[in-house]
Amino acid sequence: MKFFDHLDMTVRIVAGLCLFAVFVLVTAQVASRFLFNFSLAAASELSIYAMIWSVFLGSAVAFRSNSHIAMDILKNKLPKPVEGVADVLIFILLAGFLCLIATEGYDLALRAMRQSSPAAKIPVGYITMAIPVGSILALIFLTEQKLRPFFKDKRHD
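Residues numbered from 1 in each chain as written. Predicted model: local features only at pLDDT ≥ 70, side-chain atom pairs only at ≥ 80, totals over all residues. Heavy atoms only, no water.

### Some points on helix α2 (residues 41-64)
In step 1: A rise of 1.5 Å per residue sets the reference length of α2, with its 24 residues, at 34 Å; its end C-alpha atoms lie 36 Å apart and thus fit the reference within 8%.
In step 2: Those residues of α2 that fall on the buried side of the exposure criterion are A43, E45, S47, Y49, A50, S54, L57, A60, V61, A62, F63 and R64.
In step 3: Elements that come into contact with the buried residues of α2 comprise α1 (2-35), α4 (80-112), α5 (124-128) and α6 (130-147). (Helix = DSSP H or I, 4+ residues; strand = E, 2+ residues; numbered from the N terminus. Expected span 1.5 Å × (residues − 1). Buried < 20%, exposed > 50% of the residue type's maximum accessible area, 1.4 Å probe, protein only. Contact = heavy atoms within 4.5 Å.)

As C-alpha cells, this is what we get:
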C-alpha cells in the first residue's frame, strides 16, 4: 500500500507547511505591529487561510489513522454480529457525507473564485477548495482503512 503511504506523507508535509506558514505569518504580524508600528493585514488573513487548509488536510490524515473522535457508545452495546453491520452502516454514512461535502464544497469553491479576499486580493475559491480536497482525501483514506484487511500488507494493523 505504498501509494497510500506516499499520499499520507505528502498530505502531512503540506499540512505541516501550512502550520509553519501560520507561525511565520503571525510572528511577522506581531513583529510589524510592535517593532514598526504598522499592521500587515495580508499576513493576518493568509494565516487564517493556511490554518483552514491545515485543518482540512489534518482531518484527512486522521481518517487514515482512525484518530477521529468516535461515538462508539451505542455500537459497543450491540451484539457482536450486529457490530459488523453497524460498521458497514457507519462507513456508508461517512462516505456519503464526505461525497456530499466534496461536491458541495467544490461548487462553493467555483462560485467563490469570483470573489477576492480583502487584504491579500487572492480568489477566495483557493481557500474554499480546502473543503473538497480535504473531503476527497478523507474519503480515499476511509476507503483504504476499510479495504486494508483484504490486502496482505500488515504494517498498518
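Read on for the rest.
### A word on the pattern of salt bridges
In step 1: Scanning all chains against the criterion turns up six salt bridges.
In step 2: When the shortest N-O distance is used, the salt bridge between R12 and D8 registers 2.8 Å. Here the residue R12 and the residue D8 both occupy positions in helix α1, the gap between them amounting to four residues, near one helical turn.
In step 3: Salt-bridge contacts for E83 lead to K80; the nearest nitrogen and oxygen are separated by 3.6 Å. (Salt bridge = Lys/Arg side-chain N within 4 Å of Asp/Glu carboxyl O.)

### Here we look at the confidence of the model for the protein chain
In step 1: On average, residues of the protein chain score 90 in pLDDT, and 93% of them are at 70 or above.
In step 2: By mean pLDDT, the top-scoring element of the protein chain is α5 (97), and the lowest-scoring one is helix α3 (residues 73-76) (71). (pLDDT = per-residue confidence, 0-100.)

### Considering the nonpolar core
In step 1: Residues V11, F63 and L137 are the most contacted members of the largest nonpolar core, which totals 13 residues.
In step 2: Within the residue set of this core, elements represented by two or more residues are α1, α2, α4 and α6.
In step 3: Each residue touching V11, except ones within four places of it in the same chain, is listed here: L57, V61 and L137. (Core = buried A, V, L, I, M, F, W, Y, C linked by side-chain atoms within 4.5 Å.)

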